[in-house]
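Analysis of the macromolecular model
Listed here are the chains, written in short residue letters.
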Amino acid sequence: MIADISIPDCSKLFIGGEWVTPDQQKSYSNENPARREPINEVAIAGAADVDRAVQVARAALDSKEWAGMPAADRGRLLWRVGQTLRERAADLAALESLDTGKPFVEALYGDIPHAAGAFEYFGGWSNKISGEVLPVPPRFFDYTRREPVGVVGAVIPWNFPLQMAAMKIAPALAMGNSIILKPAEQTPLTAFALAGILEELGLPAGVVSVLPGFGQTGAAIVAHADVDKITFTGSTAVGKQIMRGAADTLKRVSLELGGKSPNIVFEDADIKRAVRGVTTGIYYNQGQMCTAGSRVLVHESVHDAFMEAFLAEASKIRPGDPMAKETRMGALVSEEQFERVSQYVEIGRKEGANVALGGGPGDGDGYFYKPTVFTDVRPEQRIAQEEIFGPVVATTTFADEEEALAIANGVTYGLASGIWTNNLSRAHRVAQGLKAGTVWVNTYNALWNEAPFGGYKQSGHGREGGRYGAELYTEIKNVCIYI
Ligand code: ADP
């Protein structure tokens, strides 16, 4: 299979528009999680490489070759990036599937178009975000300017690699910044493919750099005195380290972190539809999503009917070869992730929750894990409080709206939530009561480049997507003139 896929050379770093050897000449072996076979050797960027990338990013910014370009021209180039991703979608999806273990079909119809859409969408904002003239006393003329934040450091996770890279790079570039991307160590391939495309399309040198490596590389970017802003997606634990690391230099920080999102099924829901939404809500991408609907709250009067249909639907999902067309669930991304999921399932068992489905590895050599359903879970149990980031769902019952909201909000996270009801008033009432950045009603995981996305509580700071996502990469300057 690997023979058919053109793997980018990941042995160099992409800095200043050139492919350079890492200062310490260190590398690591990147693994295909569906087969536990090596894919390629990937360079590790060290502190000296980070410093070099920051210097060229600063020089690129100062040269105004990008930031000073007519905004519409920046937008046009970003649009072409989007178009190129669409033209090469099959190759990129194959790389993404190989690197992450996710089904090829999902990468082809999900990750890649979404990433392309981010470049197209934010390209459109490049000449639409502007300042304003303010109604100050008549002897003054006061206006605001939206300027680039400066040098942006982006640290991203492995679950949607190209999509995450696009959600950071596209708005940052649209607003005239330069950016240094550190892909996750598990999934560097599409970041390199993207760097190749940016180079090919003539993005000025130094505006985007790609520095692969582990947490230390990310930490070096966070600590660097000449980086102005960090944009991070990943675990809440690392998000906290990043905030601490950014404190010394008071960098701007936006964080899109973990979740323990509730999917709430009311007694007046369309149960068939709810079953489908709850199933993909937890099992899409092997459950490795910050928005995963990993807690299912079902009204006690429909619990049995719902569970019967849900278990029937979930049991149809069999983890298998990510490249096969019919596969709806691939492999977990790494051994570490496989161990983490296995341990949480053991914790759930020990805490007395009932395993109604799955609860162990799937067939094959890769890191396959069966779709798993826990029933009779008490809200205070660890499997109902902590993010597992795998195909494991904790189900529980509630008696009324008040109790549903108390359980739904009774976690430290607040990223997403789902409501299944045909009662319009209830839908709005519960949407108001949920402490989460996104509320889906009778749908789940409907994520758009156009819509703001981010968390309440320990799910993060800031909103990506929409106008908010573009504005994250701007600094506001006020100019006041005495006339
Ligand atoms: P996950 O738990 O989903 O693997 P992490 O939050 O550990 O996600 O990692 C997300 C990204 O953060 C990866 O690119 C990883 O290398 C990076 N990272 C890990 N630790 C640090 C750190 N201390 N500082 C900066 N980046 C880090």
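Just above sits the structure.
Here is a short report on the structure shown in this document. Just so we're clear, the structure is a prediction, and the values are computed from it rather than from any experiment. Residues take numbers from 1 onward in each chain, read along the sequence in its written order. The predicted origin of the model limits local features to residues at a pLDDT of at least 70 and limits the giving and counting of side-chain atom pairs to 80 or more, whereas totals for whole chains, interfaces and linings rest on all residues. With hydrogens and water excluded, all non-hydrogen atoms of the structure serve as input to the side-chain values.

**Here's the deal with the sheet that holds strand β14 (residues 354-357)**
Pairing is mixed in the open sheet, where 7 strands are placed in the order β14-β15-β16-β13-β12-β18-β19. Only two strands of the sheet have a single neighbouring strand rather than two, namely β14 and β19 (438-441). Recorded for the sheet is a direction-independent mean angle of 25° between the axes of neighbouring strands. Note on pairing: two strands pair once DSSP finds at least 2 bridges between them. Strands are runs of DSSP state E lasting at least 2 residues, helices are runs of H or I lasting at least 4, and numbering of each runs from the N terminus. The sheet contact formed by strand β12 (residues 262-265) and strand β13 (residues 295-299) spans 4 bridges and is parallel. Residue Pro262 lies in a different strand from β13, and its bridge partner there is Arg295. The contact criterion used throughout is that any non-hydrogen atoms of two residues lie within 4.5 Å. Under this scheme, a helix contributes an axis fitted over its contacting stretch, all axes are lines through C-alpha atoms, and angles between N-to-C directions fall in the 0 to 180 degree range. Most of the contacts of helix α11 (residues 335-350) go to strand β15 (residues 372-375), to which it runs at about 20°, and overall it touches β14, β15 and β16 (392-398).

**A few points about the site of the ligand**
For this description, a residue counts as near a given molecule or strand if any of its non-hydrogen atoms is within 4 Å of it. Looking at the ligand, there are 17 residues lining it, with Ile156, Trp158, Glu185, Ser235 and Gln241 nearest. At 2.7 Å, a side-chain N or O of Ser235 approaches an oxygen atom of the ligand. Under this definition, polar contacts are N or O atom pairs within 3.5 Å; protein pairs additionally need one hydrogen-donor-capable and one acceptor-capable atom, and for neighbouring residues in sequence, both atoms have to be side-chain atoms. A distance of 2.8 Å separates a nitrogen atom of the ligand from a polar side-chain atom of Gln241. Out of a free accessible area of 560 Å², the ligand has 81% covered by protein chains. Assessed atom by atom at 2 Å from the grid points, the ligand resides in the largest pocket. Residues of the shell around the ligand, tallied by class, amount to 10 nonpolar, 5 polar and 2 charged. For every accessible area listed, the method is Shrake-Rupley and the probe measures 1.4 Å; residues are considered covered only by the protein chains on display. A cavity, in this analysis, means grid points on a 1 Å lattice covering only the protein atoms where a 1.4 Å probe fits yet has no way out; a pocket is instead an open set bounded by protein on both sides within 12 Å along at least five of seven lines, and a residue lines either one if it has an atom within 4 Å of a point. Criterion for pocket placement: a molecule counts as inside a cavity or pocket if more than half of its atoms are within 2 Å of its grid points. Residues were grouped as follows: Ala, Val, Leu, Ile, Met, Phe, Trp, Tyr, Cys and Pro as nonpolar; Asp, Glu, Lys and Arg as charged; and all remaining residues, including Gly, as polar.

**A closer look at the nonpolar core**
Take the buried residues of types Ala, Val, Leu, Ile, Met, Phe, Trp, Tyr and Cys, join any two whose side-chain atoms come within 4.5 Å, and each joined set is a nonpolar core. Burial status follows relative accessibility: with a 1.4 Å probe on protein chains alone, a residue under 20% of its type maximum counts as buried, one over 50% as exposed, and anything between as partly exposed. Counting 89 residues, the largest nonpolar core has Leu85, Phe306 and Phe310 as the members making the most contacts within it. The greatest single-element share of this core, amounting to 11 residues, is contributed by helix α4 (residues 104-125). Excluding anything up to four places from it in sequence, Phe306 contacts Val265, Ile271, Ala274, Val275, Val278, Val296 and Val298.

**Brief notes about helix α14 (residues 424-433)**
Each α-helix winds once per 3.6 residues, and so residues spaced three or four apart point in a common direction. Along α14, the positions that sit buried rather than exposed are Arg426, Ala427 and Val430. For α14, the arc enclosing every buried residue in end-on projection is 100°, short of the 170-degree limit, so these residues lie on one face. Along α14, the residues that are exposed and aim more than 90 degrees away from the buried face are Leu424, His428 and Gln432. Taking the backbone nitrogen of Ser425 as reference, a side-chain oxygen 3.0 Å away marks Asn423 as the first, capping residue of α14. Each C-beta atom gives one direction from the helix axis, and the arc is the one those directions make.

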